[in-house]
Amino acid sequence: MKLLIYIITLLTILGSSTGCLNYTYLKAHSDPEHPRKRVYDEHLVLKNKTYLNKQKYKIQEDKDNLYYELGDIVRQRPNTNILSYRPFLSFYNSFDSVKMRYRYKRKKKKIVGDTLYRKSNKLNNWLAHKIGNRPVIFDSTITIKTAQSMQRALQKRSYHNAKVTYKVKYKGFKTIVSYYATTGMPILIDTVAFSSKDPAVNDILQRTRKKSALKKHQPISEASVNEELRRITLALRNRGYFKFIPNYIKVEGDTINAKKYKARKAKLFKRVEQGEPRANVYIEVLPYSDTLLTHPIYNINNVYITPNEYIIKPHQKRRIKKDTSFIVLRPFRKRKKKYTLSSLSQMEEGDSLVHIILRKKYSKPIIRYRVISDAVVPNAGDLYQYDAAVNSRLKISDLNVFRFPRVDYVPSTSKKPDELDCIIKMRPAKKQEFGVSLETNTDYSNLGVAANINYRNRNIFKGAEILVVNFDVGANFYAKKDSARSSIDEKGLISRINLLDINGDVSLYFPKFIGPRFLQDAFKMENPRTRVSIGYNYLQQSTDFRVSSFYTRFGYEWSTKTYHKFTWNPALINFTLEPILNESFEDRLRTSNRALLESLKAQFLIPSMDFTYTFSTPENTRKNSLFFKAYAEIAGNLLNAFDYINPNDTIRFFGVDYSQYVKVDFDFHYSIYLNRKHSIVTRLMAGVAVPLGNSSERGMPFSKRFFLGGPSSMRAWSMRHLGPGQIRSQDGTEFQLGDVRLEFNMEYRFMFSSWIGGVVFADVGNVWLLKPEGDNSFSFPQAPPPTGVFSSNFVNELAFDAGLGIRLDFSFFIFRLDWAIQLRDPSGYGGPLSDGRTRYWNFDPFVFKGRNQFVLAIGYPF
């Protein structure tokens, strides 16, 4: 009964056009002339508007960005409004335990307030305070503070003469607040001068002045000045100045002695000039103290590495115990090599102490000491550097054996005033991990389910090696029994499975480069890892065909700078076992999908090499983010060179010819930040696979071709059900592949609350072949449709879909439910129209059945 009452209440709230009479909870009194008429003492904030007043000065920076930054300063944000309805405010008013409602009383002949008491329980409190939002009541004091904050924000951006005013418009029980900003002219930089009475510091300032964040003709903003203070501080702290802080830096601006510029229009190689005032900027590093002119420079006496954070604390005395190990550098073949000693008495002539390893007494080592020593940047005897601590934390984290690494610098036990001891502390991470993820999508005739099971073992050989085991299984089921297959096995499960895809992979990662040293130097690898993998793939479509293959891989992963990552697999071998095809299925393919038939019938040996480059900028920031991935694979060229040298003896393995092709694929993501709760995310994917040499006749291996559809691609189509070109997938042979892929996706993401969000999306794309079915000669793709060949008419062969979705953000994973419907099918819908034309668009009539899909998955599609 209680549940029924809640359901009726919720339906009443959702059906109320006034939002459960939100205005009755606003403080009001009666009009003296009309007692029933309300005069509101409180007003809901309906909207905030920001305007930039017209002025002679033309703002040179991005106005849209300036609008957004000023809009984020507004303190009183209106309640969420959906088509003039405020559902979250209605939840608060309907379930809050104590409310004051103002109504007209006949006996008193005026509007008075009544206290409304509701039963307080966990469900009511959750609906009122978690789902619901408190009413945003207009407060003039907060509005004044907002205008002042906007003015200060403009002044911090170098608009020192900026002014911000506001106007309030009352509309019944609502208000619209408008802010009007006048920026004025900014103060620009004319010259920047650096100085210090400390000769060493002054020399550093002069040598690094070209990297200054303060540039000529740029505004003097608070952000640029803070960036310059940070740059100078880091430059000095990376040169031994441990105790240097930004408070030692004095920044002054002089507008009187600066050069004056007259207004002029933009000319070739000359910027536009509007007569902005200039200032000379003087940056001085002050002396260390009143009695000491120079700043002290610090060296590192000892470096203590503690695999367990609780072994030693900074204030404790650091003692050398019998279970302590020492890492030393010893000359070895014209270079130095690290050795682990159990006592200092084992040191030889020419040895230099690098690190001291402290561990619990009688405890077994977690990791080989040389491995963790290689991840620590500062060494005993080095000059103090701030970046050394940052890089050490990153390298220790990359080992995936420890968590929460910390680097502390404390006064040295040598008691010398210019020496420090470095203490590096960390906690052992969980050695083993196990994870499972699920995905599902469905339409009226098929149900697709995919699962991923992964296992990770860190530090398996005590050298920070990582063993990763992945097992993926995906199946597509018929929602209804297919008459064409029911005769095969009416009671068996196999008759209900349309597609079964099983993949297993075992990878072992080594935290170092295994190979010729010159390759690491040539690619300038930072934090390289070596990967060795072996895997198995199994693909079965109902009782039509079964294909399985093995592969092995040896390669490297590394990064350069911050946002650039690389993967290079110089040895990648894939061997496909002899496929098994059903005779009736082979006959159907011969007439409906000849390209797939040729690819499925052949065995493939693919000796290849691939290279991947990834560039990504940080996410979850108030800026636009970018992701770019380029993939290139070359197969069979090295063996083809041997065949060219000795044409009489063709190379074959187990009686199978090797494949030869070139494949290139690009993936580009761009996320546009609108505000805290709204963003637009786009993705563009383009790729081509070209068979060469002995593969030009039988085409690309089917496992290396492109396909579309599924939970993360063209979401209104099942996986591999779209294309190529205008070719329609036939019932029972839905396995559409292509040599060319082009796809564009766009999502508008928005958040209802901190963890509930929505999305509106659209997908466009298709796959194509490079040569017509049954044609054994390679020619430039200009064939007309419906051969599925990529041509100049590819725009008219694109598929369109659109849809809606829900996102639930649980921090550690994101749950999504998407619904997509087809808008355009390049193969057409049904037979030709009365005038002979084919209907490609899903309009007139608009059909849902058989043309939409639900996708249930974990994680974003891109």
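Just so we're clear, the structure is a prediction, and the values are computed from it rather than from any experiment.

Conventions adopted
- Residues numbered from 1 in each chain as written.
- Predicted model: local features only at pLDDT ≥ 70, side-chain atom pairs only at ≥ 80, totals over all residues.
- Heavy atoms only, no water.
- Helix = DSSP H or I, 4+ residues; strand = E, 2+ residues; numbered from the N terminus.
- Buried < 20%, exposed > 50% of the residue type's maximum accessible area, 1.4 Å probe, protein only.
- Areas by Shrake-Rupley, 256 points an atom, 1.4 Å probe, with all protein chains shown as cover.
- Phe/Tyr/Trp six-rings, centres within 6.5 Å; stacked < 30°, edge-to-face > 60°.
- Lys NZ or Arg CZ within 6 Å of the ring centre and 35° of its normal.
- Salt bridge = Lys/Arg side-chain N within 4 Å of Asp/Glu carboxyl O.
- Pairing = 2+ DSSP bridges.
- Patch = residues over 30% accessible without salt bridge, like charges linked within 9 Å, V, L, I, M, F, W, Y side chains within 5 Å.
- Axes fitted to C-alpha atoms, helices over the stretch in contact; angles between N-to-C directions.
- Contact = heavy atoms within 4.5 Å.
- pLDDT = per-residue confidence, 0-100.
- Left-handed = near helix turned anticlockwise from the far one by under 90°.
- Nonpolar A, V, L, I, M, F, W, Y, C, P; charged D, E, K, R; others polar.
- Polar contact = N/O pair within 3.5 Å; in protein donor to acceptor, adjacent residues only side chain to side chain.
- Parallel < 35°, antiparallel > 145°, perpendicular 65-115°, else oblique.

K.L.:
Quick rundown of the overall build of the protein? Include the residues and the values.
P.N.:
Helix and strand content of the protein: 14 helices and 35 strands. Looking at the protein as a whole, 44% of its 862 residues are labelled buried. Looking at the protein as shown, the accessible area adds up to about 46,800 Å², and 57% of this sits on carbon and sulfur atoms.

K.L.:
So what's going on with the packing of aromatic side chains? Which residues, and what values?
P.N.:
Any two aromatic rings considered together are summarised by their centre-to-centre distance and by the angle between their planes. Under the criterion given, the structure shown has 31 aromatic pairs. Centroid distance Phe242 to Tyr384: 5.0 Å. Interplanar angle 85°. Geometry classified as edge-to-face. Taken together, the residues span a long stretch of sequence, with Phe242 in the loop between α7 (222-237) and β9 (249-254) and Tyr384 in the loop between α8 (369-375) and α9 (386-398) at a distance of 142 residues. Ring centres of Phe554 and Tyr556 lie 5.5 Å apart, and the angle between their planes is 80°; on these two criteria the pair is classed as edge-to-face. For Phe554, a relative accessible area of 27% translates into the label partly exposed. When its relative accessible area of 4% is taken as the criterion, Tyr556 is described as buried. Members of the aromatic cluster, connected to one another through ring pairs, are Phe513, Phe523, Phe554, Tyr556, Trp558, Phe566, Trp568, Phe611, Tyr613, Phe628 and Phe666. Above the ring of Phe332, the side-chain terminus of Lys337 is found at 5.0 Å from the ring centroid. Across the ring face of Phe707, the terminal group of Arg720 is positioned such that the distance to the ring centre comes to 4.4 Å.

K.L.:
Give me the lowdown on the pattern of salt bridges, citing residues and values where you can.
P.N.:
Applying the stated criterion across every chain yields a total of 30 salt bridges. Notably, a salt bridge pairs Lys156 with Glu222, separated by 3.8 Å at the nearest N-O pair. Remark: Glu222 occurs in helix α7 and Lys156 occurs in helix α5 (residues 140-156); sequence separation between them is 66 residues. For Lys156, a relative accessible area of 43% corresponds to the partly exposed category. A single salt-bridge network, built from bridges that share partners, covers Arg715, Glu747, Arg749, Asp763, Arg807, Arg816 and Asp818.

K.L.:
Lay out the pairing of strand β21 (residues 526-541) with the relevant residues and their values.
P.N.:
Two strands pair when backbone bridges link them, and strand β20 (residues 497-510) and β21 are joined in this way by 11 bridges, in the antiparallel orientation. For Gly504, the partnering residue across the bridge sits in β21 and is Tyr536. Pairing between β21 and strand β22 (residues 545-560): 14 bridges, direction antiparallel. Along β22, the bridge assignment pairs Thr530 with Tyr556. Connecting the antiparallel pair β21 and β22 is a turn made up of three residues, with Ser542 showing a positive phi of about 45°.

K.L.:
Please set out the pairing of strand β23 (residues 564-576) residue by residue, giving values where relevant.
P.N.:
When β22 meets β23, the two strands line up antiparallel, connected through 11 bridges. Counted as the bridge partner of Thr552 is Ile573 from β23. Counting the residues in the hairpin turn of β22 and β23 gives three residues, including Lys561, whose phi is positive at 60°. Where β23 meets strand β25 (residues 605-616), 10 bridges bridge the pair, whose relative direction is antiparallel. When the sheet's bridge partners are listed, Lys565 is paired in β25 with Thr614.

K.L.:
Can you tell me about a nonpolar patch on the surface, naming the residues and giving the values?
P.N.:
Where nonpolar side chains cluster on the molecular surface, the patch consists of Leu123, Trp126, Trp755, Phe810 and Phe812 and spans about 530 Å² of accessible area. Topologically, Leu123 is positioned in helix α4 (residues 122-131). A relative accessible area of 37% places Leu123 in the partly exposed class.

K.L.:
An account of the sheet that holds β9 is needed here, citing residue identities and associated values.
P.N.:
The mixed open sheet is built from three strands, whose spatial order is β8-β10-β9. Looking at which strands have only one partner, the edges of the open sheet turn out to be β8 (188-196) and β9. Within this sheet the neighbouring strands show an average axis-to-axis angle of 20°, counted without direction. Relative to strand β10 (residues 278-285), β8 runs parallel, the two being bridged by eight bridges. Pairing of Leu188 across the sheet is with Arg278, part of β10. Those strands touched by helix α6 (residues 199-207) are β8 and β10, and its axis lies near 150° from that of β8. The strands that α7 touches are β8, β9 and β10; relative to β9, the one it contacts most, it runs at about 140°.

K.L.:
Provide a residue-level description of the confidence of the model for the protein, including the pertinent values.
P.N.:
Predicted coordinates in areas of low pLDDT are best not read in detail. Confidence in the prediction of the protein, expressed as mean pLDDT, is 82, and 84% of residues score 70 or more. Confidence over residues 482-494 falls short of pLDDT 50; this stretch has 15 contacts with residues more than four positions distant or in other chains. Segment residues 775-785: pLDDT under 50, and 20 contacts once partners within four positions in sequence are set aside and those in other chains are kept.

K.L.:
Residues and numbers for the packing of helix α3 (residues 87-95) against α4, please.
P.N.:
Between α3 and α4, whose axes approach to 8 Å, the crossing angle comes to 145°. The two elements α3 and α4 cross, and the hand of that crossing is left-handed. Between α3, through Phe88, Phe91, Tyr92 and Phe95, and α4, the contact on the second element is made entirely by Asn124, Leu127, Ala128, His129 and Ile131. In terms of residue class, the contact of α3 with α4 is built from seven nonpolar, two polar and no charged.

K.L.:
Lay out the environment of Tyr304 in plain terms, naming residues and giving numbers.
P.N.:
Within the secondary structure, Tyr304 sits in strand β11 (residues 299-306). The class of Tyr304 is buried, set by a relative accessible area of 2%.

K.L.:
Help me get a handle on the side chain of Glu557, residues and values and all.
P.N.:
Take Glu557: it is sitting in strand β22. On the accessibility criterion, Glu557 (18% relative accessible area) is buried. Apart from the residues within four sequence positions on either side, Glu557 is in contact with Tyr509, Asn527, Pro528, Arg529, Arg531, Phe566 and Thr567.

K.L.:
Can you explain the side chain of Arg458? Please cite residues and give values.
P.N.:
With respect to the secondary-structure elements, Arg458 resides in strand β18 (residues 446-458). Judged by relative accessible area, Arg458 falls into the buried class, the value being 13%. Within polar-contact distance, the side chain of Arg458 engages the backbone oxygen of Asn400 at 2.9 Å.

K.L.:
Residue-level account of the packing of helix α2 (residues 63-73) against α5, with values.
P.N.:
Two numbers describe a pair of packed helices, the interaxial angle and the distance between the axes. As a packed pair, α2 and α5 sit with axes 9 Å apart at the nearest point and diverge in direction by 140°. By the angle between their axes, α2 is oblique relative to α5. α2 and α5 meet at a crossing whose hand is right-handed. Contacts between α2 and α5 pair Leu66, Leu70 and Ile73 from the former with Thr146, Ser149, Met150, Ala153 and Leu154 from the latter. Across the contact of α2 with α5, the residue classes break down as six nonpolar, two polar and no charged.

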